[in-house]
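Next come the chains, spelled out residue by residue.
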Amino acid sequence: SAREEEAALPVVREVAGNGACADCGAPAPTWASINLGVTLCLACAGVHRRLGTHLSKVRSLELDTRQWSATQLALMVALGNQRVNRCYYARPPPCDEAIDATSAPAAREAFLRAKYERRAFTARRGQPPPPPPHVLAAAAAADDAAAIIEAMALGAPLDSPAPADASPAPPLPPPP
């Protein structure tokens, strides 16, 4: 119900690392990328919207509460900024290329495109091609949040259907 969704959103903010923007570190983020599982400040959320919904689907933690499904909330709780950044930001760039809450819009956009489009900071930067779609589907079926985000960070296609022989993924457990 809408009341349950509104009550669940504070739980998203309590997940490890979610008290600051996943990308620039600005405190008290009010936005989220519901498919990446991270919280964002307003400035980074704007760039995420420009990245396109194939990379990041942005929702407000305060305004879009009726658009959040129980599955999206569970994913946000299962992932969170710390876990996602262990994959997407495993190999940080030199300090002069990183962004902070005061970064200029152009620098912010360049950094986020490197991080999410080119996956320039993942552990496997410059290594083999992305995993096949079934790797992501298998991780989802196993309810393995860490494997899901790793497959996503390494470029597994998000919009691919699960293999025909895959059973439906069990629901994620309710937030703690």
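These notes cover the structure that comes with them. Along every chain, residues carry numbers that run from 1 in the direction the sequence is written. The predicted nature of this model means local features are confined to residues of pLDDT at least 70 and side-chain atom pairs, given and counted, to a pLDDT of 80 or more, with totals for whole chains, interfaces and linings taken over all residues. Side-chain numbers here rest on the full set of heavy atoms in the structure, without hydrogens or water.

1. Digging into the state of the cysteines
Cysteine sulfur pairs qualify as disulfides if the two atoms are within 2.5 Å. This structure, assessed with the given rule, holds zero disulfides. Free cysteine Cys 21: the closest other cysteine sulfur is in Cys 44, separated by 3.7 Å. Residue Cys 24 stays outside any disulfide, its sulfur separated by 3.6 Å from that of Cys 41, the closest cysteine. Burial classes follow relative accessibility: with a 1.4 Å probe on protein chains only, a residue under 20% of its type's maximum area counts as buried, one over 50% as exposed, and anything between as partly exposed. Classification of Cys 24 as buried rests on a relative accessible area of 8%.

2. What to know about unusual backbone geometry
Despite not being glycine, Ala 28 has its phi angle at roughly 55 degrees, a positive value. For Ala 28, a relative accessible area of 59% corresponds to the exposed category. Positive phi is not limited to glycine here, since Arg 119 has a value of about 50 degrees. Strands are runs of DSSP state E lasting at least two residues, helices are runs of H or I lasting at least four, and both sets are numbered from the N terminus onward. Structurally, Arg 119 can be placed in the loop between α5 (105–117) and α6 (133–141).

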